[in-house]
Amino acid sequence: INVDMNPLHRKIYEDFVKQELELAKQRKLAGESTVKDSIMNMFGIFQLACENVECIRDTPSFEKFPEELQSLINSYDWFKDNSKVPVIEAILEERVNEESQRGIVWYYHPKTKDNLVKLLKKYNPVVIEAGMGPEKMTEAIN
């Protein structure tokens, strides 16, 4: 299922990518790294900006962003501004409530997991996360 970003999310993502590329050029000029290395290291951060804008607040670059971009990022509400939320809710409404099925919702970042747990609280979700260990994981799944 392809889900387009809402306009605020798209604006933040585009401005964020432009700003990160500008910072990569500055790091190159300062002799800290090559543009290629900087860009290669940014793909995970770019993915975070797609998944959960809130994660950008914790990046080392955040304070270097223009105030307008910081303000946009700070105004972002994952529950309200992430276009995937209503899609997830619709799928679960149909599958869990109407068809009595269970499902798996994958996440990339722990902040997104925290939001998903809040969003899906009424379904009593089983949360599997990195570092649980085999025993706790098996116990949770059972």
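Sequence order sets the numbering: in each chain, residues are counted from 1 along the sequence as written. Reporting of local features is limited, given that this is a predicted model, to residues whose pLDDT is at least 70; pairs of side-chain atoms are given and counted only at 80 or more, and all residues count toward the totals for whole chains, interfaces and linings. Excluding hydrogens and water, the side-chain figures rest on all heavy atoms present in the structure.

### A short note on the overall build of the protein chain
A count of helical and extended segments in the protein chain gives 7 helices and 0 strands. In this description a helix means any DSSP run of H or I spanning at least four residues, a strand means any run of E spanning at least two, and both kinds are numbered starting from the N terminus. When its helices and strands are written in sequence order, the protein chain yields α-α-α-α-α-α-α. Taking 142 residues into account, the globule formula puts the C-alpha radius of gyration at 14 Å, and the protein chain, at 18 Å, lies well above it. Over its C-alpha atoms, taken along the principal directions, the protein chain stretches across nearly 55 × 35 × 25 Å. Only protein chains enter the accessibility calculation, which uses a 1.4 Å probe. A residue is then buried if its area is under 20% of the maximum for its type, exposed if over 50%, and partly exposed in between. When burial is assessed residue by residue, the protein chain has 33% of its 142 residues classed as buried. For the area figures, the Shrake-Rupley method with a 1.4 Å probe applies, and any residue is considered shielded solely by the protein chains shown. For the protein chain, the exposed area adds up to about 9600 Å²; of that, 52% sits on carbon and sulfur atoms. Between the mean site of the 19 positive side-chain charges and the mean site of the 24 negative ones, the protein chain shows a separation of 3 Å. For the radius of gyration, the atom set is restricted to C-alpha positions; the globular benchmark scales as 2.2 Å times the number of residues to the power 0.38. Positive: Lys, Arg. Negative: Asp, Glu. His and the chain ends are not part of the count. Here the site of a charge means atom NZ of a Lys, CZ of an Arg, CG of an Asp or CD of a Glu.

### Observations concerning the packing of helix H1 (residues 7–29) against helix H2 (residues 35–51)
Working convention: axes come from line fits to C-alpha atoms, limited for helices to the stretch in contact. Angles between N-to-C directions cover 0 to 180 degrees. The N-to-C vectors of H1 and H2 enclose an angle of 160°; their axes lie 10 Å apart at closest approach. The angle between the axes of H1 and H2 places the two elements in the roughly antiparallel class. In this structure, H1 meets H2 at a crossing whose hand is right-handed. Counting all contacts with H1, which are made through His9, Tyr13, Phe16, Val17, Glu20, Leu21, Ala24, Lys25, Arg27 and Lys28, the residues of H2 involved are Val35, Ser38, Ile39, Met42, Ile45, Phe46, Ala49 and Cys50. Residues of the contact of H1 with H2, tallied by class, amount to 12 nonpolar, 2 polar and 4 charged. Angle categories: roughly parallel below 35 degrees, roughly antiparallel above 145, roughly perpendicular from 65 to 115, and oblique for all the rest. For any helix crossing, the convention is left-handed if the near helix is rotated counterclockwise from the far helix by under a right angle, and right-handed if that rotation is clockwise. Here, two residues are considered to be in contact whenever any of their heavy atoms come within 4.5 Å of each other. All residues other than Ala, Val, Leu, Ile, Met, Phe, Trp, Tyr, Cys, Pro, Asp, Glu, Lys and Arg, Gly among them, are scored as polar; the first ten of these are nonpolar and the last four charged.

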